[in-house]
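Structural overview
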Amino acid sequence: MGLNETPSANRIHIGFFGRRNAGKSSLVNAVTSQELSVVSDVPGTTTDPVFKSMELLPLGPVMIIDTAGLDDEGELGELRVKKTNQVLNKTDIAVLVVSATEGLSDFDRDLVKKFEKKQIPYIVAYNKSDMSVTDHSNEEVDSIYVSAKTCENINRLKERLGELAAAEDTKLRLVGDMLTPSDIAVLVVPIDSAAPKGRLILPQQQTIRDILEANATVVVIKEDKIGETLGALNKKPAMVITDSQAFERVAKDTPDDIPLTSFSILMARFKGFLETAVKGAAAISRLKDGDTVLISEGCTHHRQCEDIGTVKLPKWLKEYTKKELVIKTSSGTDFPEDLSEYSLVIHCGGCMLNEREMKYRMQCAVDAGVPFTNYGTAIAQMHGILKRSLELFPELQKEVE
């Protein structure tokens, strides 16, 4: 996979924050060596957050985010600040840009508290150092003096960002760490009508890549080829991985001595919330008449007539529970912060969201005392095959009701 093909969710998200006219956009342009953001002496020039996928040495593929000033004013300013706050939920590393001629304000200190509350690694960049002789080094924050105008310490700032990224790298894998070079993994991939023509959906692409990086063998088939393929292989595969929607059929055709799981379950593991998803799926059985369920997707796409989030899941939920449920949906960044009205949240696999944003959404549910699961885990639960789908994770099988 080339650099430009690296999924956004797999890139380190670096957000630049601060007050209006602290020089955020100028610093972004200096760090990236590109004119990514419009620069002006007028405070508040940056309105909506600006996202740019690129390579930034020594970090590699990153997502640079330039935000509006968090001290923006007025009704429109409040909307801009809200969007900037949403960026915090997906930020892996934060750069707080402060004017070196002014130093940290109470507003900046409040931002630092937000970073620390959300456990976001950060660095304070005192910009416009060419215009200041003031020493702010006694501030109790990790900081560096830079100048977007003269490029003083810009390379050192990038090195510091690389150090923060290395400390954050958890080396999470989809499945490759469970395979040896001699293993065969069979992937069952229905041709999804919602996927762009000529392409597999992202979790399938990522799983194939991860298996190949483990030097294992991957066999990709459609759902009607499982029996034929297993019979033709000269050795038993280490596992079968299927799309959630074909889980029931594939389970019938896969011998009990071959571990079976789904792309969605592996994605929950990759995003760090599989245990929460398994426990959340158990709550489906406890839903009552009148309960409200949120079905949320991390991306936006054209809805098909048999769309899983708005058509299939609501149908399966009502058939499984035999209850009159209220179903609400959300997509993209439109994820409610207050989840208190819901009895369950069923989220997509999150392939378009980075690990931090998925954990943020999960934490919103945990804080509200609302069970949280994902599509594949919920589907497996409702089709009575969740325990089987967790054979690769025996410690979680005991959570299945």
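Preceding block: the structure.
The structure displayed is predicted, hence computed values, not measured ones. (Residues numbered from 1 in each chain as written. Predicted model: local features only at pLDDT ≥ 70, side-chain atom pairs only at ≥ 80, totals over all residues. Heavy atoms only, no water.)

1. A short note on helix H10 (residues 308-321)
The test is simple: Exposure is judged per residue with a 1.4 Å probe applied to protein chains only, and the accessible area is read against the type maximum: over 50% gives exposed, under 20% gives buried, and values in between give partly exposed. Secondary structure elements are taken from DSSP: a helix is a run of H or I of four residues or more, a strand is a run of E of two residues or more, and numbering for both begins at the N terminus. Here the arc refers to the set of directions running from the helix axis out to each C-beta atom. Contacts are residue-level and defined by heavy atoms, with any inter-residue pair within 4.5 Å sufficient.
Every buried residue belonging to H10 is among Ile308, Gly309, Leu313, Pro314, Trp316, Leu317 and Thr321, and all of these are buried. Down the axis of H10, the smallest arc covering the buried residues is 165 degrees, so these residues share one side. Tucked inside the fold, the buried residues of H10 contact strand E11 (292-296), strand E12 (326-330), strand E13 (344-347) and helix H12 (375-382). Positioned one or two residues after H10, Lys322 has a phi angle of 60 degrees, which is positive.

2. Let's talk about the pairing of strand E4 (residues 93-99)
What counts, and what does not: The pairing criterion is simple: DSSP has to find at least two bridges between the two strands. By convention, orient the strands away from the viewer: a clockwise path from the first strand over the helix to the second makes the crossover right-handed.
Most of E4 sits out of view: 7 of its 7 residues are buried. Here E4 shows no split at all, with Ile93, Val95, Val97 and Ser99 on one side and Ala94, Leu96 and Val98 on the other all buried. The pairing of strand E1 (residues 12-18) with E4 spans 5 bridges and is parallel. Each residue of the ladder has a partner; that of Phe16, found in E4, is Val95. In this sheet, strand E5 (residues 122-127) lies alongside E4 in parallel orientation, the contact comprising 6 bridges. Of the residues in E5, the one forming a bridge with Leu96 is Val124. Remark: the E4/helix H3 (residues 106-117)/E5 crossover connection has right-handed handedness.

3. Some words on the environment of Pro314
Residue position: Pro314 is located in helix H10. Since its relative accessible area comes to 11%, Pro314 is described here as buried. For the pair Pro314 and Ile295, spaced 19 residues apart in the sequence, the C-alpha separation amounts to 8.6 Å. Apart from residues lying up to four places away in sequence, Pro314 is in contact with Ile295, Ile308, Gly309 and Ile327.

4. Quick word on unusual backbone geometry
Backbone geometry at Lys128 places phi at a positive 65 degrees, although glycine is not the residue there. Residue position: Lys128 is located in the loop between E5 and strand E6 (143-145). Here the phi dihedral of Asn153 falls at roughly 65 degrees; this positive angle occurs in a residue that is not glycine. Summarising the element assignment, Asn153 is placed in the loop between E6 and helix H4 (154-168). Residue classification places Asn153 among the partly exposed residues on the basis of a relative accessible area of 33%.

5. Remarks on the side chain of Lys90
With respect to the helices and strands, the residue Lys90 is situated in the loop between helix H2 (74-88) and E4. Residue classification places Lys90 among the buried positions, given a relative accessible area of 14%.

6. Remarks on the packing of aromatic side chains
What characterises a pair of aromatic rings is the spacing of the ring centres plus the angle enclosed by the ring planes. In plain terms, the rule: Aromatic pairing here means that ring centres of Phe, Tyr or Trp (its six-membered ring) are within 6.5 Å. Orientation follows from the plane angle: under 30 degrees is stacked, over 60 is edge-to-face, and everything else is tilted.
What the rule picks out here adds up to 4 aromatic pairs. Between Phe273 and Phe372, the aromatic rings sit 5.6 Å apart at their centres with planes inclined by 75 degrees, giving edge-to-face as the arrangement. In this pair, Phe273 sits in the loop between helix H8 (263-271) and helix H9 (274-282) while Phe372 sits in strand E14 (residues 372-374), placing the two residues 99 residues apart along the sequence. The two residues Phe273 and Phe372 agree in class, both being buried.

7. Topic: the environment of Asp367
Relative to the helices and strands, Asp367 is located in helix H11 (residues 355-367). Along the chain, Asp367 and Asp338 lie 29 residues apart, while their C-alpha atoms are 9.6 Å from each other.

8. Describing the environment of Lys235
Looking at the secondary structure, you find Lys235 in the loop between helix H6 (226-232) and strand E9 (239-242). Among the residues examined, Lys235 registers a relative accessible area of 35% and is labelled partly exposed. Along the sequence, Lys235 and Ile184 sit 51 residues apart, while their C-alpha atoms lie 8.2 Å from each other.

9. Considerations on the sheet that holds E11
To keep it simple, the criterion reads: Orientation is described by lines fitted to C-alpha atoms, with helices fitted over the stretch in contact, and by angles between N-to-C directions that extend from 0 to 180 degrees.
Spatially, the 4 strands line up as an open sheet ordered E12-E11-E13-E14, and their pairing is parallel. Across the chains shown, the open sheet's two edge strands, defined by having one partner strand only, are E12 and E14. On average, adjacent strands in this sheet sit at an angle of 25 degrees to one another, irrespective of strand direction. Most of the contacts of H11 go to E14, to which it runs at about 140 degrees, and overall it touches E11, E13 and E14.

10. A look at the sheet that holds strand E3 (residues 60-66)
With mixed pairing, 6 strands are arranged side by side in an open sheet as E2-E3-E1-E4-E5-E6. Edge positions in the open sheet fall to strand E2 (50-56) and E6, since each of these has one partner strand only. With direction set aside, neighbouring strand axes in the sheet form an average angle of 25 degrees. Bridge count between E2 and E3: 7 bridges; the pairing is antiparallel.

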